[in-house]
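Chains, contacts and geometry: an overview
One-letter residues, chain by chain:
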Amino acid sequence: WRCRKGAPYSTLVPSDEVTISYRHGLPVITLMLPTRSERCQFTVKPVVTTVGAFLQDVQREDKGIERAEVFATDGTKVSHATLMEILLMSDFKLVINNTAYNVSPPVKDKLSSEHATEMEDIKSLVHRLFVALHLEDHQIRKERELLQKLDHLKGELLPLEQMKARIVDSADAKTSRLLWVGLALMSTQGGALAWLTWWVYSWDIMEPVTYFITYGSAMAFYAYFVLTKQDYIYPQAKDRQFLHYFYRKSKKQRFNVERYNKLKEDLAEAEESLRRLRQPLHLRLPIQEISDKD
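Since the model is a prediction, treat every value here as computed from it, not as a measurement.

1. Points about the overall build of the protein chain
Tallying secondary structure elements over the protein chain gives seven helices and nine strands in all. Buried positions account for 27% of the 294 residues belonging to the protein chain. Partitioning the intrachain contacts of the protein chain with sequence separation of at least 6 by distance along the chain shows that 60% fall at a separation of at least 24. As displayed, the protein chain has an accessible area near 20700 Å², and 57% of this comes from carbon and sulfur atoms.

2. Remarks on the side chain of Thr175
With respect to the helices and strands, the residue Thr175 is situated in helix H3 (residues 113-200). In contact with Thr175, not counting residues within four places along its chain, are Lys238, Gln241, Phe242 and Tyr245.

3. Structural notes on the packing of aromatic side chains
Throughout the structure, instances matching the rule amount to six aromatic pairs. Where Phe246 meets Phe255, the ring centres are 6.4 Å apart and the plane angle is 80°; that geometry is what we call edge-to-face. Here the two residues Phe246 and Phe255 agree in accessibility, since each one is buried. Taken together, the ring pairs connect Phe242, Phe246, Tyr247, Phe255 and Tyr260 into an aromatic cluster.

4. Points about the UniProt feature "transmembrane region" (unreviewed entry) in the protein chain
Under the UniProt annotation, "transmembrane region" (unreviewed entry) lies at residues 178-197 and 209-227. Structurally, residues 178-197 comprises 100% helix and 0% strand, and the distance from its first C-alpha atom to its last is 28 Å.

5. Some points on a nonpolar patch on the surface
A cluster of nonpolar side chains, namely Trp195, Trp198, Trp199, Val200, Tyr201 and Ile205, defines an oily patch on the protein surface of about 780 Å² accessible area. A total of four residues in the nonpolar patch trace back to one element, the largest contributor, which is H3. Given a relative accessible area of 37%, Val200 falls into the partly exposed group.

6. What to know about helix H1 (residues 51-61)
All of the buried residues along H1 are Val51, Gly52, Phe54, Leu55 and Val58. The buried side chains of H1 occupy one side of the element, clustering within an arc of 160° when seen end-on. Lining the buried residues of H1 we find strand S4 (26-33), strand S5 (38-43), strand S6 (68-72), strand S7 (76-78), helix H2 (84-87) and strand S8 (92-96).

7. Digging into the side chain of Thr197
Locating Thr197 in the fold gives a position in helix H3. At 2.6 Å, the side chain of Thr197 and the backbone oxygen of Leu193 are in polar contact. Dropping the residues within four chain positions of it, Thr197 is found in contact with Ser202, Trp203 and Met206.

8. Describing the sheet that holds S4
Taken together, three strands build an open sheet; the order of strands is S3-S4-S5 and the sheet is antiparallel. Looking at the sheet topology across the chains shown, the edges are occupied by strand S3 (19-23) and S5. Ignoring which end each strand starts from, the neighbouring axes of this sheet average 30° apart. Taken together, the five bridges between S3 and S4 define a ladder with antiparallel strand orientation. From the neighbouring strand, Thr19 faces S4, where its bridge partner is Thr30.

9. Focus on the pairing of S5
Note that S4 and S5 share six bridges and pair antiparallel. Residue Thr30 lies in a different strand from S5, and its bridge partner there is Gln41. Connecting S4 to the next strand, S5, in antiparallel fashion are four residues, including Ser37 with a positive phi near 55°.

10. What about the nonpolar core?
Of all hydrophobic cores here, the largest spans 24 residues; its most connected members are Leu31, Phe54, Val70, Phe92 and Leu94. Elements that contribute at least two residues to this core include exactly S4, S5, H1, S6, H2, S8 and strand S9 (99-103). Counting residues per element, this core draws most heavily on H1, which supplies four residues. Non-local contacts of Val70, meaning those with residues more than four positions away in its chain, are made with Val51, Leu55, Thr76, Lys77, Val78, Leu87, Phe92, Lys93 and Leu94. Judged by nonpolar contacts, the second largest core, of 18 residues, contains Ile167, Phe246, Phe255 and Val257.

11. Some thoughts on helix H5 (residues 234-253)
With 20 residues, H5 ought to run about 28 Å at 1.5 Å a step, and its terminal C-alpha atoms sit 28 Å apart, in line with that. Listed in full, the buried residues belonging to H5 are Ala237, Phe242, Tyr245, Phe246 and Ser250.

12. Regarding the pairing of S8
Counting buried positions along S8 gives five out of five residues, so the element sits mostly inside the fold. Along S8, one buried face is formed by Phe92, Leu94 and Ile96 and the opposite face, lined by Lys93 and Val95, is buried too. As judged from the five bridges shared by S6 and S8, these two strands associate in the antiparallel manner. In the sheet register, Val70 faces S8, and the bridge partner there is Leu94. Relative to S9, S8 runs antiparallel, the two being bridged by five bridges. Residue pairing across strands places Ile96 opposite Thr99, the latter belonging to S9. With antiparallel pairing between neighbouring strands as the criterion, S8 and S9 make up a hairpin whose turn holds two residues, including Asn97 at a positive phi of roughly 60°.

The rules behind these values
Residues numbered from 1 in each chain as written. Predicted model: local features only at pLDDT ≥ 70, side-chain atom pairs only at ≥ 80, totals over all residues. Heavy atoms only, no water. Helix = DSSP H or I, 4+ residues; strand = E, 2+ residues; numbered from the N terminus. Buried < 20%, exposed > 50% of the residue type's maximum accessible area, 1.4 Å probe, protein only. Contact = heavy atoms within 4.5 Å. Areas by Shrake-Rupley, 256 points an atom, 1.4 Å probe, with all protein chains shown as cover. Phe/Tyr/Trp six-rings, centres within 6.5 Å; stacked < 30°, edge-to-face > 60°. UniProt positions renumbered as here; feature names shortened; annotations may be inferred. Patch = residues over 30% accessible without salt bridge, like charges linked within 9 Å, V, L, I, M, F, W, Y side chains within 5 Å. Salt bridge = Lys/Arg side-chain N within 4 Å of Asp/Glu carboxyl O. Arc of directions from axis to C-beta. Polar contact = N/O pair within 3.5 Å; in protein donor to acceptor, adjacent residues only side chain to side chain. Pairing = 2+ DSSP bridges. Axes fitted to C-alpha atoms, helices over the stretch in contact; angles between N-to-C directions. Core = buried A, V, L, I, M, F, W, Y, C linked by side-chain atoms within 4.5 Å. Expected span 1.5 Å × (residues − 1).

As structure tokens, then:
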């Protein structure tokens with residue numbers, strides 16, 4: 001942001017009155033304080049420090065400075081909100097009271113690979129120190145949030161679990177009764193065929209009857225496969241009938257199966273998150289290292 005303005009100063013001073021050098025990667029601005037008549041150094045953080053913050057630091061250092069502004073070489077005023085990183089990319093004029101200083105920032109050399117590696121090591125060390133100092137508090141706070149979430153989910157699941165248990169008992173009882181009825185019908189059919197074969201008719205008469213009964217059973221099993229796309233295997237047929245009774249009973253009692261499954265999934269996810277969170281707490285290791293080992 002820049003603002004156009006007329007002649008803002010009356011005196012020009014050579015650029016050596018204000019010098020800029022880099023120390024430990026940060027720019028150091030050295031200038032002469034007009035009232036105190038002494039040179040003063042200001043170390044700025046170009047990424048976060050604005051032009052306005054830098055000028056305020058200069059005015060606080062010398063109470064006799066009534067005016068402090070920055071202009072571009074073409075006379076355009078530089079906004080106080082501009083970052084120092086952008087300002088130091090080109091020449092500019094620093095105006096203190098009625099005196100203007102020509103400032104030529106030096107070209108910052110690119111870091112050598114060795115120095116860049118050293119800086120990365122320092123950043124990594126600072127990050128590890130930060131993690132070591134603040135991770136445990138974060139984990140404890142996160143653990144408390146997960147425990148509260150678990151209590152909330154368990155509270156919502158409790159009435160659903162009780163209703164589900166009653167529905168499961170009813171469906172299981174009906175399925176068992178159906179299995180016993182099937183056994184009773186098969187026993188009755190076998191007894192009836194034996195009675196008709198030995199006491200009423202002969203085997204020559206009953207043989208075609210048993211053939212058509214067997215063929216009818218095969219047709220029934222094939223029809224089951226056509227309708228369900230599954231072979232007629234007794235355990236699978238039992239589970240299918242159980243689910244049929246379960247969902248019919250759930251609909252009658254208004255048991256929301258989808259909501260129950262969603263709550264169970266959320267509960268399992270929260271328990272897994274709590275387990276993974278407590279593991280590094282127990283081992284006294286950062287979470288990132290545990291994830292890398294997994």
